[in-house]
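Examining the three-dimensional arrangement
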Amino acid sequence: MLLSIKRLAKSFDDLEVLKDINMDIEKGTVVTIMGPSGSGKTTLLRCLNALEEPTNGVFSFDDGFTLDFQHKINKNDLLTLRRKSGMVFQSYNLFPHKTAIENVTEGPIIVQRRSKEEVYEQANNLLKKVGLEDKKDLYPHQLSGGQQQRVGIARALAIEPDLLLFDEPTSALDPELVGDVLSVIKDLANEGWTIVIVTHEVQFAQQVSDQVIFMDGGYIVEQGPPEKVLQNPSENRTQQFLQRILNP
Amino acid sequence: MVKMSLQNNVLLTVAEGATGWELIEKSFWPMVEGAIKFTIPLTLISFTLGLIIALITAVMRLSNSKILRAPAIIYVSAIRGTPLLVQLFIVFYGMPSIGLTIDPFPSAVIAFSLNVGAYASEIIRASISSIPKGQWEAGYSVGMTYRTTLRRIILPQASRVSIPPLSNSFISLVKDTSLASLILVAELFRRAQEIAARTYEFMIIYVEAAVLYWVVCFLLSIGQEALERRLDRYIAK
Ligand SMILES: Nc1ncnc2c1ncn2[C@@H]1O[C@H](COP(=O)(O)OP(=O)(O)OP(=O)(O)O)[C@@H](O)[C@H]1O
Ligand SMILES: [Mg+2]
């Protein structure tokens, strides 16, 4: 097990957004998170990437690194947590002043201080993997949404994180661009990356997920293999939600 | 460090009773010399120091810590709330009475740097704030600290936003340095005053000074456009 999350809670002032989240992430598996708007999916991913600091709960990693948010967490531990995962954002958030390949090399060179030569070779391979080797010297504004998102994926892969986080990676894309991005993610799943993804692409979730989590109101309502949660959900709320997104 | 101008012999080189063109010819080099020796160095040094002060102040103002924010807010408010000429006089005429005598040129550098620092810090702060939050988060998500994200991701983008207003401050500073004439710095305008006082040709001499300032500012604005074009290469058009 790569990461075990216990009793995770997050509030913004008086608003409790995550309440008692318990989940395990096995190494090399894909966990899909679904749920209605405002249920706390993004907040959960942001807690994993230390973009938000949880109010309570415990993260334990397989290497022994453990954070108990009941106590004040120091900056270094937050940084360690952040560096365990790579995030792919819904709105890409590429660095507009850097070319595609510079977006990919920035983390490894500046943060990890790896050699430029090695990093550029890796970045070239990553851009090839996401189908953008011929676009590597373009700036983000010269790329389509789908291309930008694939650069975003390459950027997250380049830092070689234990955990890849995707927050609705295709929901800002035109329908005809969604396929390319999903197929890249599928390849990553097959290569054995550990992935947590928020998505409403049910068919995709069926195919790639090892575990599906359905959230509502800051709680995990239901979790289990996709055959169970997506095809035969036991909770009312899950059924209603799936019906709504399958027959809009 | 600086030889002062009261006994300056510029006066003597411009003859009394010269015709208009002769007057311009004779006064031209002393004024250009004032610009090259004082106006331009004073502007460049003060602006550079001012930018450093501004960056530090802006980052302090954006910090979460009250202890860092408070002095930055007070500094900016005090500078913006008082006339530049008064600030110059405090440094040059005021400091000696608390035992700190500073030469005219360094006095001017101190006053102008502090002045630019306050105004430019507001420009830099606004330009940092204008960068979307997602850029900070993208920096963090590849493992960067606050500092690294600021330096590598935010400031390069903010600098593009802040170039037009900072260029305005820079050009204003060129003109404001004429106030240094009042604390005895032998810059362009003080040269003009000395020549005018001697020849009584106020119109010719002061218009000539104005044209010289104009030329300097015009050249600077060309430089500004070139810089903007260079930084624009990643911006969608
Ligand atoms: N920084 C914040 N400050 C205050 N409230 C916040 C903040 N971030 C999120 N929230 C609130 O937390 C709740 C959960 O938000 P979150 O973005 O996690 O939902 P989500 O499940 O990702 O929704 P969506 O499907 O619309 O993306 C919402 O009510 C939101 O308004
Ligand atoms: Mg969301």
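Parameters and conventions
Residues numbered from 1 in each chain as written. Chains lettered and ligands numbered in written order. Predicted model: local features only at pLDDT ≥ 70, side-chain atom pairs only at ≥ 80, totals over all residues. Heavy atoms only, no water. UniProt positions renumbered as here; feature names shortened; annotations may be inferred. Helix = DSSP H or I, 4+ residues; strand = E, 2+ residues; numbered from the N terminus. Expected span 1.5 Å × (residues − 1). Buried < 20%, exposed > 50% of the residue type's maximum accessible area, 1.4 Å probe, protein only. Arc of directions from axis to C-beta. Contact = heavy atoms within 4.5 Å. Pairing = 2+ DSSP bridges. Domains from an automatic or database assignment. Buried area = accessible area lost by both parts, 1.4 Å probe. Salt bridge = Lys/Arg side-chain N within 4 Å of Asp/Glu carboxyl O. Polar contact = N/O pair within 3.5 Å; in protein donor to acceptor, adjacent residues only side chain to side chain. 1 Å grid on protein atoms, 1.4 Å probe; cavity = no way out; pocket = protein on both sides within 12 Å on 5 of 7 lines; lining within 4 Å. Points joined across faces, edges and corners; volume = space filled by probe spheres on them. Nonpolar A, V, L, I, M, F, W, Y, C, P; charged D, E, K, R; others polar.

An unreviewed UniProt entry annotates chain B as Cystine transport system permease protein of Piscibacillus halophilus. The UniProt entry for chain B carries this comment under Subcellular location (unreviewed entry): "Cell membrane". In its Sequence similarities (unreviewed entry) section, the UniProt record describing chain B reads: "Belongs to the binding-protein-dependent transport system permease family."

The name given to chain A in an unreviewed UniProt entry is L-cystine ABC transporter ATP-binding protein, and the organism recorded there is Piscibacillus halophilus. The UniProt entry for chain A carries the following text under Subcellular location (unreviewed entry): "Cell membrane".

On to helix 5 (residues 145-158) of chain A, then. Residue and element names in this part refer to chain A. In this model, helix 5 (14 residues) spans 20 Å end to end at C-alpha, consistent with the 20 Å of a helix rising 1.5 Å per residue. Across the 14 residues of helix 5, 14 count as buried, placing the element largely inside the fold. Directly after helix 5, the chain includes Glu-160, whose backbone phi takes a positive value near 50°.

What follows covers helix 4 (residues 116-129) of chain A. Residue and element names in this part refer to chain A. Taking 1.5 Å per residue, 14 residues should reach 20 Å; helix 4 reaches 20 Å between its end C-alpha atoms and fits that length. Inspection of helix 4 places Val-119, Gln-122, Ala-123, Leu-126 and Leu-127 among the buried residues, and these make up the whole buried set. One side of helix 4 holds all its buried residues, which, seen down the axis, span an arc of 135°. Exposed side chains of helix 4 directed beyond 90 degrees from the buried face belong to Glu-117 and Glu-121. Tucked inside the fold, the buried residues of helix 4 contact helix 3 (100-111) and helix 5.

Residue and element names in this part refer to chain A. Within strand 9 (residues 211-216), 6 of the 6 residues are buried, which leaves the element mostly enclosed by the surrounding structure. Residue alternation in strand 9 divides its side chains into two sets, Gln-211, Ile-213 and Met-215 and Val-212, Phe-214 and Asp-216, and both sets are buried. Bridge count between strand 3 (residues 30-34) and strand 9: 4 bridges; the pairing is parallel. Residue pairing in the sheet places Val-31 in a bridge with Gln-211 of strand 9. Where strand 9 meets strand 10 (residues 219-224), 5 bridges bridge the pair, whose relative direction is antiparallel. Bridge assignment links Val-212 to a residue of strand 10, and that residue is Gly-224.

Accessible area lost upon the coming together of the parts is a frequently used measure of interface size. Residues and elements named next belong to chain A. Per the domain assignment, the segments making up chain A are domain 1 (3-84 + 164-246) and domain 2 (94-160). Put simply, the middle of domain 1 and the middle of domain 2, counted by C-alpha atoms, are 25 Å apart. Each side of the interface is counted separately: domain 1 has 13 residues, and domain 2 has 12 residues. Carbon and sulfur atoms supply 75% of the area that domain 1 and domain 2 bury against each other, a total of about 1,000 Å² over both sides. Looking only at domain 1, the three residues that lose the most surface to domain 2 are Val-181, Val-184 and Trp-193, adding up to 35% of its buried area.

This brings us to the interface of chain B and chain A. Taken together, the contacts link 21 residues of chain B with 24 residues of chain A. Of the roughly 1,900 Å² buried where chain B meets chain A, counting both sides, 62% is carbon and sulfur surface. On the surface where chain B and chain A come into contact, there are 2 salt bridges. Notably, a salt bridge pairs Arg152(B) with Glu106(A), separated by 2.7 Å at the nearest N-O pair. Linking chain B to chain A there are 6 residue pairs in polar contact (both at pLDDT 80 or more). Counting only elements with at least two residues in the side of chain B that touches chain A, the list comes to helix 6 (133-141) and helix 7 (146-176) of chain B.

Another aspect to go through is the layout of surface pockets. Approximately 1,200 Å³ is the volume found for the largest pocket. Lining the largest pocket are 31 residues, and of these Lys75(A), Asn64(B), Trp136(B), Tyr140(B) and Tyr146(B) sit closest to its centre. Sorting the residues of the lining of the largest pocket by element identifies helix 2 (75-82) of chain A together with helix 2 (20-61), helix 5 (104-129), helix 6 and helix 7 of chain B as the ones contributing at least two each. Looking at the lining of the largest pocket residue by residue, the class counts come to 16 nonpolar, 6 polar and 9 charged. The space that makes up the second largest pocket amounts to roughly 430 Å³. Taken together, 23 residues make up the lining of the second largest pocket; nearest its centre are Phe47(B), Leu51(B), Ile163(B), Leu166(B) and Leu227(B).

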